[in-house]
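# Coordinate inspection notes
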Amino acid sequence: MTVYRLDSPTTSLFVRASIGAPPELLYWGARLNDAVTAEEIERLGTSQGGPGSADIAIPASLALEPGLGLLGPTGFGAHRAGRDWGSRFDVVAVEQNDCRLRITCLDPRTQIGLEYRFRLHAESGVLTIGSTVTNHGTDLLDLNEMATACLPLPARLTDVIGFTGRWTGEFQRERLARFAGGYVRENRKGRSSHDAFPGVILCTPSTSENVGEAFGLTLAWSGNHRIRVDSLSDGRVFASLGALFFPGEIRLAASERYVSPDIIAAFSPDGLAEMSRAFHTHVRSHILTPHMRAKPRPVHYNTWEAVYFDHDLDQLKAIADKAAAIGAERFVLDDGWFGSRRDDHSGLGDWFVSDAVYPEGLKPLIDHVTGLGLEMGIWFEPEMVNPDSDLFRAHPDWVLAIKGVDQIPYRHQYVLDISRPEVSDYLFACIDKILSDHTIGYIKWDMNRDLNHPGDQQGGARSDAQVRALWALLDRLRAKHPNVEFESCASGGGRCELGILAHTDRVWTSDSNDALDRQAIQRGASYFLPLEVLGAHVGPAHCHQTGRALSMGMRSATALMGHMGMELNLLTEPTADLVELKDAIALYKQHRDLLHNGALQRLDTPDYIVAMGVVATDQVEALFSIALVTGHARTLPDRVYFTGLDPARQYRLALVWPDAWQSKSVPSVIDALELNGRGTLINGDALMRAGLQLPLASPESVLLYHLKADRGCCD
Ligand code: DGJ
């Protein structure tokens with residue numbers, strides 16, 4: 001028997017991979033000391049028979065394939081015309097290279113190969129797992145089911161946190177007590193979806209943001225997925241994540257392979273926020289490009305909620321002037337600049353500048369914008385076509401559909417089968433031309449409908465192929481235009497996950513610019529995604545999605561805790577609001593390096609407070625956002641207990657937002673601690689353990705506290 005050990009400073013992993021036996025994960029969790037031997041872990045993994053159980057131990061392999069005879073959940077299903085269904089994979093080769101482990105398995109009876117690739121990342125403790133199925137037989141292999149891996153987890157993790165939501169309400173957490181049988185989240189929408197983010201967390205009932213064990217797992221995949229947590233009758237628990245297929249979707253000819261999307265997983269012994277920090281470190285070191293990491297994220301101005309489809313060159317120039325004056329650094333021209341796209345009924349697919357709206361092309365607008373010192377960005381929705389478009393009239397057969405079944409109406413648009421090379425080539429040529437002919441540094445890549453009938457012309461399902469074609473098209477464009485940044489938008493956060501992020505640079509977190517909604521959405525997204533990739537815009541005074549009126553103070557402080565931007569009509573907003581917005585933008589610029597490189601903190605607070613912060617990696621500075629989303633039950637709001645500070649340092653604590661704000665009552669903690677002025681020096685340990693009394697503030701307001709370590713204190 002051979003057991004392989006992988007260690008990071010925080011995490012250990014033990015995998016049994018003995019030639020001639022199924023591969024098994026024996027341990028994943030807190031770093032074990034060096035004296036712990038693989039033999040000890042293996043012996044502790046010895047099975048115990050029970051009433052009614054088989055006379056031998058049935059190995060729980062990484063695939064939980066039917067051939068094991070385990071009679072529980074499965075993570076693999078395949079057959080050749082009804083035969084060869086009962087694979088059992090045995091290890092045939094293992095390669096370990098420091099923190100990478102490659103395990104090759106084969107079932108000689110069914111002629112199917114299965115490979116696992118583990119990597120434990122030293123800087124984050126994040127574990128990535130990929131797998132590949134190969135058809136070594138001569139006949140076609142139908143792959144029905146393929147979890148990237150099925151991972152046994154400790155039964156003490158009795159809580160499951162999943163993510164649900166809707167359009168304008170993404171990333172809502174749902175915490176359940178694990179129950180006998182299967183917790184199953186499936187997504188068949190063809191994008192990662194608003195309601196089923198591909199991630200799950202297992203933790204103990206007492207795990208909170210800053211205390212307790214948490215195991216987070218996410219699938220880096222922009223399409224259909226299945227996530228399961230299975231609680232077996234013998235007490236074992238398995239988490240399985242993988243892509244989800246339609247019937248016949250994955251058919252492998254002789255020697256063909258299916259490569260699964262990666263599982264990206266993080267373990268934390270110290271609460272959910274620490275788990276998120278591990279994911280963020282991984283995103284920063286392995287998913288975002290070095291170019292994106294190095295460049296400060298510019299303040300966006302986006303035209304959508306200001307003008308919608310009503311493009312007018314003079315008005316847009318006037319808006320750009322105002323945007324530049326209050327500190328915008330990028331101007332993104334949203335939907336409506338091309339073809340016959342004067343509303344959402346027509347024009348998608350015709351990616352040519354509209355002569356009717358821009359008789360001299362986009363150059364006059366771009367020259368104006370870049371002349372103001374702003375970078376130009378532009379909107380595309382490449383995967384879609386309106387039936388009322390020249391593209392559809394020329395190529396009605398390019399759309400995904402099931403022959404003989406009516407298309408489901410959905411924002412008056414159909415989905416192109418971009419897995420067809422001629423379709424991808426057309427889109428590449430159109431986008432490449434716009435980028436080559438203009439000075440454009442940013443593309444907002446939108447995608448506004450589910451794939452209800454993702455069938456191709458031959459009658460096969462193409463959801464999986466569509467995702468791979470999308471990633472390839474993005475990569476092709478990024479290779480040709482390496483300085484252009486891409487945003488993934490899908491009616492807001494319908495495609496925000498670590499898979500798309502490997503091919504883009506930021507996500508449009510939600511179509512809701514309602515700052516109250518945004519507090520919950522951005523907090524939910526932060527479980528897996530760092531703040532710098534979360535597009536966050538200041539919307540109009542009366543939110544277009546909810547009709548709610550929120551102060552500029554609340555709106556701008558909420559957008560500041562992400563990649564900040566705005567999309568309100570600067571020509572009609574009250575002057576006082578614009579002055580305040582300008583101040584907020586200046587504050588964002590002052591702190592964006594901290595916000596986008598530091599360690600995220602989420603504080604444990606009562607539900608009426610959303611408290612998040614960022615502490616610099618050297619702990620010399622921090623910014624905390626305390627949002628009072630509703631009123632509090634008692635006379636006074638609670639104390640907040642900061643996290644992540646250096647207990648040995650003194651910090652100068654100041655209230656930096658709202659500017660010069662006074663509490664509604666006296667005596668005031670703001671006055672007593674001079675929080676509006678010089679601030680007060682307080683020990684980090686005291687700030688974390690004794691906490692700070694919040695001032696009496698109105699519901700629907702955000703307070704930003706800045707902490708700066710006193711120079712010379714302990715350096
Ligand atoms: C949906 C996006 O989420 C919005 O921000 C906007 O770009 C519209 N599509 C444009 O049609």
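Basis of the calculations
- Residues numbered from 1 in each chain as written.
- Predicted model: local features only at pLDDT ≥ 70, side-chain atom pairs only at ≥ 80, totals over all residues.
- Heavy atoms only, no water.
- Pairing = 2+ DSSP bridges.
- Helix = DSSP H or I, 4+ residues; strand = E, 2+ residues; numbered from the N terminus.
- Axes fitted to C-alpha atoms, helices over the stretch in contact; angles between N-to-C directions.
- Contact = heavy atoms within 4.5 Å.
- Core = buried A, V, L, I, M, F, W, Y, C linked by side-chain atoms within 4.5 Å.
- Buried < 20%, exposed > 50% of the residue type's maximum accessible area, 1.4 Å probe, protein only.
- Expected span 1.5 Å × (residues − 1).
- Polar contact = N/O pair within 3.5 Å; in protein donor to acceptor, adjacent residues only side chain to side chain.
- 1 Å grid on protein atoms, 1.4 Å probe; cavity = no way out; pocket = protein on both sides within 12 Å on 5 of 7 lines; lining within 4 Å.
- Points joined across faces, edges and corners; volume = space filled by probe spheres on them.
- Nonpolar A, V, L, I, M, F, W, Y, C, P; charged D, E, K, R; others polar.
- Near = heavy atom within 4 Å.
- Areas by Shrake-Rupley, 256 points an atom, 1.4 Å probe, with all protein chains shown as cover.
- Phe/Tyr/Trp six-rings, centres within 6.5 Å; stacked < 30°, edge-to-face > 60°.

This next bit is on the sheet that holds strand 27 (residues 506-508). Pairing between the strands of a sheet comes from backbone hydrogen bonds, and it takes one of two forms, parallel or antiparallel. Pairing within the closed barrel is parallel, and its eight strands lie in the order 20-21-22-25-26-27-28-29. Going from strand to strand, the sheet's axes swing by 30° on average, the running direction of each strand aside. Against the sheet, helix 6 (residues 363-371) makes contact with strand 21 (330-333) and strand 22 (375-380), and its axis sits at roughly 140° relative to strand 22, the strand it touches most.

Looking now at the nonpolar core. Ranked by internal contacts, the top residues of the largest apolar core, which has 178 residues, are Phe118, Leu217, Trp337, Met566 and Leu581. Discounting residues that sit within four places of it in the chain, Trp337 has contacts with His311, Arg342, Trp351, Phe352, Val353, Ser354, Tyr358, Leu362, Ile378, Trp379, Phe380 and Ile434. With 29 residues, the next largest nonpolar core counts Ile609, Ala622, Leu653 and Leu655 among its residues.

The subject of this paragraph is helix 5 (residues 313-326). Over its 14 residues, helix 5 extends 20 Å from the first C-alpha to the last, a length consistent with the 20 Å expected when each residue adds 1.5 Å. On its buried side, helix 5 packs onto strand 20 (300-302), helix 4 (304-307), strand 21, helix 6, strand 29 (563-566) and helix 13 (575-597). Near the N-terminus of helix 5, the side chain that reaches the backbone nitrogen of Asp314, with its oxygen 3.2 Å away, is that of Asp312. Looking one or two places after helix 5, you find Gly327, whose phi comes out positive at around 115°.

A separate point is helix 6. Among all positions of helix 6, only Pro364, Leu365, Ile366 and Val369 are buried. Buried residues along helix 6 sit in contact with helix 5, strand 21 and strand 22. Looking one or two residues past helix 6, Gly373 carries a phi angle of roughly 90°, positive in sign.

On to the pairing of strand 10 (residues 159-166), then. The pairing of strand 10 with strand 11 (residues 169-177) spans seven bridges and is antiparallel. The residue of strand 11 that forms the bridge with Arg166 is Gly169. What sits between the antiparallel neighbours strand 10 and strand 11 is a turn of two residues, in which Thr168 has the positive phi angle 65°. Examined bridge by bridge, strand 10 and strand 13 (residues 199-203) share three bridges and lie antiparallel to one another. Across the sheet, the residue bridging to Val160 is Leu202, located in strand 13.

So, on to the layout of surface pockets. Any space left empty among the atoms is revealed by the rolling of a water-sized probe across them. Space inside the second largest pocket adds up to approximately 540 Å³. Of all the secondary-structure elements, those providing two or more residues to the lining of the second largest pocket are strand 5 (90-97), strand 6 (100-107), strand 7 (112-120), strand 8 (127-135), helix 2 (272-287), helix 9 (463-480) and helix 10 (498-501). Tallied by class, the residues present in the lining of the second largest pocket amount to twelve nonpolar, nine polar and seven charged.

Here Glu213 shows up in the loop between strand 13 and strand 14 (214-219). Judged by relative accessible area, Glu213 falls into the buried class, the value being 17%. A polar contact of 2.6 Å, which involves the side chain of Glu213, links it to the side chain of Arg156.

A few words on the site of the ligand. Close contacts around the ligand come from 13 residues, with Asp334, Asp335, Lys444, Asp446 and Asp511 the closest. For the ligand, an oxygen atom lies 2.9 Å from a polar atom in the side chain of Arg411. Between Asn448 and the ligand, the recorded distance is 3.3 Å, taken from a side-chain N or O atom to a nitrogen atom. Within the complex, 97% of the 290 Å² of free accessible area of the ligand lies under protein. Residues that form the shell around the ligand fall into these classes: four nonpolar, three polar and six charged.

This next bit is on the packing of aromatic side chains. Evaluated as defined, the whole model comprises 27 aromatic pairs. With centroids separated by 5.0 Å and ring planes inclined at 50°, the aromatic side chains of Phe279 and Phe528 adopt a geometry described as tilted. Placement of the pair is Phe279 in helix 2 and Phe528 in the loop between helix 11 (515-525) and strand 28 (534-538), with a sequence separation of 249 residues. The exposure class assigned to Phe528 is buried, which follows from its relative accessible area of 1%. Where Trp351 meets Phe380, the ring centres are 5.2 Å apart and the plane angle is 55°; that geometry is what we call tilted. Residue Trp351 is located in the loop between strand 21 and helix 6, and its partner Phe380 is located in strand 22; the two are separated by 29 residues in the primary sequence.

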